[in-house]
Amino acid sequence: MQELSTTLLVVGGGPGGYVAAIRAAQLGIATTLVEGEALGGTCLNVGCIPSKALIHAAEEFEKVTHCIGGSALGIRVESSRLDLAQTVRWKDGIVKRLTGGVAALLKRSGVNVVKGWARIVDGKSVEVVVGGEPVRIGCEHLLLAAGSEPLSLPTLPFGGSVIDAAEALSPEALPERLLVVGAGYIGLELGTAYRKFGCEVSVVEAAPQVLPSYDEELTRPVVAALQRMGVHLHLGCSVQGPSANGHAVRVRDAHGEESEHEADRVLVAVGRRPRTEGWGLETLRLDMDGRAVRVDDQCSTSMRNVWAIGDLTGEPMLAHRAMAQGELVAEIIAGQRRRFLPAAIPAVCFTDPELVVVGMTPASAAQAGLDCVDAVFPFSANGRAMTLESSVGFVRVVARRDDHLIVGWQAVGRSVSELSAAFSHSIEMGARLEDAAGTIHAHPTLGEALQEAALRALGRPLHV
Ligand code: FAD
Ligand code: NAD
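What you are looking at is a predicted structure, and each value in this text was computed from that prediction instead of being measured.

## Side note on the packing of helix 1 (residues 15-26) against helix 4 (residues 84-109)
Packing of helix 1 against helix 4 brings their axes to within 9 Å, and their N-to-C directions diverge by 25°. When the axes of helix 1 and helix 4 are compared, the pair comes out roughly parallel. Crossing angle aside, the handedness with which helix 1 passes helix 4 is left-handed. Residue-level contacts link Y18, A21, I22 and A25 of helix 1 to V102, L105, L106 and S109 of helix 4. Tallied by class, residues from the contact of helix 1 with helix 4 come to seven nonpolar, one polar and no charged.

Here it is, written out as structure tokens:
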């Protein structure tokens, strides 16, 4: 068997693994990265990027369709038609450019990329089959970045018309009726996109509200928009399995009443689980947190010089968290003193309107025993929002009552994902309400709502 050795061995080339490898190589660490499927991982190939591409395409299609017969802006089109194959090709083109970019960055940094599935031998070596030949790679540091996989439902296993997000991102044809199970991130982002492409969409959610991890004040405009679009929401319901003829799904509501919902395709999006099985991870007998690999604030596992990052380590399963952890581990291995203690990890849901949560909400601050003030500034009072035909939603700030330290920002509205940078920055920098209120914000921008929310929290709003 061929034997290789390296200082750092990274298993998994998703956003966590490839960022760790690039940073480690920049710091002069001999680094090998093993990827079984495609560089860029879930995020670039079947997650963040293709989903946002599809969402954008759906938005554009809906905009054009909306102009049939004339719009308030005076734009009139005669008809609209979707060339789905071209849409998917365009999306795939973006994925190809980005994954190619990752390959180039790894090469330029001097990372040795091995294509194949790694099987753990022990905490210092893995085996990979490369071109039919087994290769053993030994290392000083082993970084586990194997990501996650979709959860399946025993009553509706994947296969045939029951699909996961990856399949939903590359449809050969659009279903007439799509049933989505799970009103979380994937269910609502992709459910909205399919609706905008013209499909009938129904969503079945076990919890009594959509996006249960967000508070109801934030999700209310999203629910209103879904209803306006004609998405059928079935909350507090559970799926029982396919109907006898196989063309429908049996759904039980909170009162125990059963009904059948016809669907040509069923997207199951009920969460993801760390990819901990099938590649010998169990041989390391690492401490676990449920299904996730347990790590400390340096991303160190219970075994010395074995590190873990990203979705493999559990919630929040977000690409930017994985990347930040990857960079941190590389720097620790290079001898730097680092801890993974972010003041906040932003969460964005790309529904229409979009949602952003950074730091504490009024409820989570109260739960943590903090005495806080909070204030909301509505986009209905923001000039830029009006010019974008989008005065739905608001920005909310949460700050300590005593010293006005900002502990949280939330927003719901069109394009508010872009405000997440300002929100996260202000919290990481320890900004106070006076800092946000005293910063000159460009006019007319949505960002002015951030300044106005801070002014309102200080009791001196200007535009409401
Ligand atoms: P992954 O990206 O899953 O990468 C792990 C890699 O390891 C994979 O390439 C896999 O092939 C490889 N691998 C696994 N086992 C082995 C092995 N034994 N040997 C070799 N290689 C192996 N997050 C956001 O922040 N924003 C979003 O907008 C967003 N949208 C999403 C949309 C969808 C539809 C989905 C499914 C996810 C989305 N996510 C989003 C989540 C995001 O994709 C993940 O949090 C992120 O990809 C996790 O990165 P990772 O490096 O931990 O794992
Ligand atoms: P999720 O956790 O966001 O949502 C799953 C939903 O399914 C929840 O609302 C849950 O109550 C519901 N559910 C669970 N079991 C159910 C059942 N049997 N019947 C009906 N409903 C049920 O999970 P997801 O949408 O699959 O996304 C997976 C992960 O991917 C997310 O947690 C997130 O970390 C990541 N992601 C992030 C983004 C983003 O950042 N914009 C987008 C997509 C995915």
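## Some words on the site of ligand 1
E35, T42, K52, D311 and A319 are the nearest of the 39 residues found near ligand 1. Taking E35, its side chain carries an N or O atom lying 2.6 Å from an oxygen atom of ligand 1. Only helix 1, strand 2 (31-35), helix 2 (41-46), helix 3 (48-66) and helix 8 (319-333) provide two or more residues apiece to the shell around ligand 1. Top contributing element to the shell around ligand 1 by residue count: helix 2, with four residues. Of the residues that constitute the shell around ligand 1, the class distribution is 19 nonpolar, 14 polar and six charged.

## Things to note about the packing of helix 3 against helix 4
Packing of helix 3 against helix 4 brings their axes to within 9 Å, and their N-to-C directions diverge by 145°. Note on packing geometry: the crossing formed by helix 3 with helix 4 is right-handed. Every residue of helix 4 that contacts helix 3 at I49, P50, A53, L54, H56 and A57 is listed here: T87, W90, K91, I94, V95 and L98. Of the residues assigned to the contact of helix 3 with helix 4, the class counts are nine nonpolar, two polar and one charged.

## Brief notes about the layout of surface pockets
Approximately 1,200 Å³ is the volume attributed to the second largest pocket. If you trace the second largest pocket, you find 32 residues lining it, with E62, K63, K196, D352 and R414 closest to the centre. Looking at the lining of the second largest pocket, the elements that each hand over two or more residues are helix 3 and helix 7 (216-229). With nine residues, helix 3 is the largest single contributor of residues to the lining of the second largest pocket.

## Brief notes about the sheet that holds strand 21 (residues 354-359)
Ordered in space as 20-21-24-23-22, the five strands form an open sheet in which the pairing is antiparallel. Every other strand in the sheet has two partners, leaving strand 20 (347-349) and strand 22 (372-378) as the edge strands with one partner each. Mean inter-strand twist for the sheet, computed between neighbouring axes without regard to direction, equals 10°. Alignment of strand 21 against strand 24 (residues 406-413), held across six bridges, turns out to be antiparallel. Residue pairing in the sheet places G359 in a bridge with G408 of strand 24. Helix-sheet contacts for helix 13 (residues 448-457) involve strand 22, strand 23 (394-400) and strand 24, and the interaxial angle to strand 22 is about 135°.

Reading the values: rules and limits
- Residues numbered from 1 in each chain as written.
- Chains lettered and ligands numbered in written order.
- Predicted model: local features only at pLDDT ≥ 70, side-chain atom pairs only at ≥ 80, totals over all residues.
- Heavy atoms only, no water.
- Axes fitted to C-alpha atoms, helices over the stretch in contact; angles between N-to-C directions.
- Helix = DSSP H or I, 4+ residues; strand = E, 2+ residues; numbered from the N terminus.
- Parallel < 35°, antiparallel > 145°, perpendicular 65-115°, else oblique.
- Left-handed = near helix turned anticlockwise from the far one by under 90°.
- Contact = heavy atoms within 4.5 Å.
- Nonpolar A, V, L, I, M, F, W, Y, C, P; charged D, E, K, R; others polar.
- Near = heavy atom within 4 Å.
- Polar contact = N/O pair within 3.5 Å; in protein donor to acceptor, adjacent residues only side chain to side chain.
- 1 Å grid on protein atoms, 1.4 Å probe; cavity = no way out; pocket = protein on both sides within 12 Å on 5 of 7 lines; lining within 4 Å.
- Points joined across faces, edges and corners; volume = space filled by probe spheres on them.
- Pairing = 2+ DSSP bridges.

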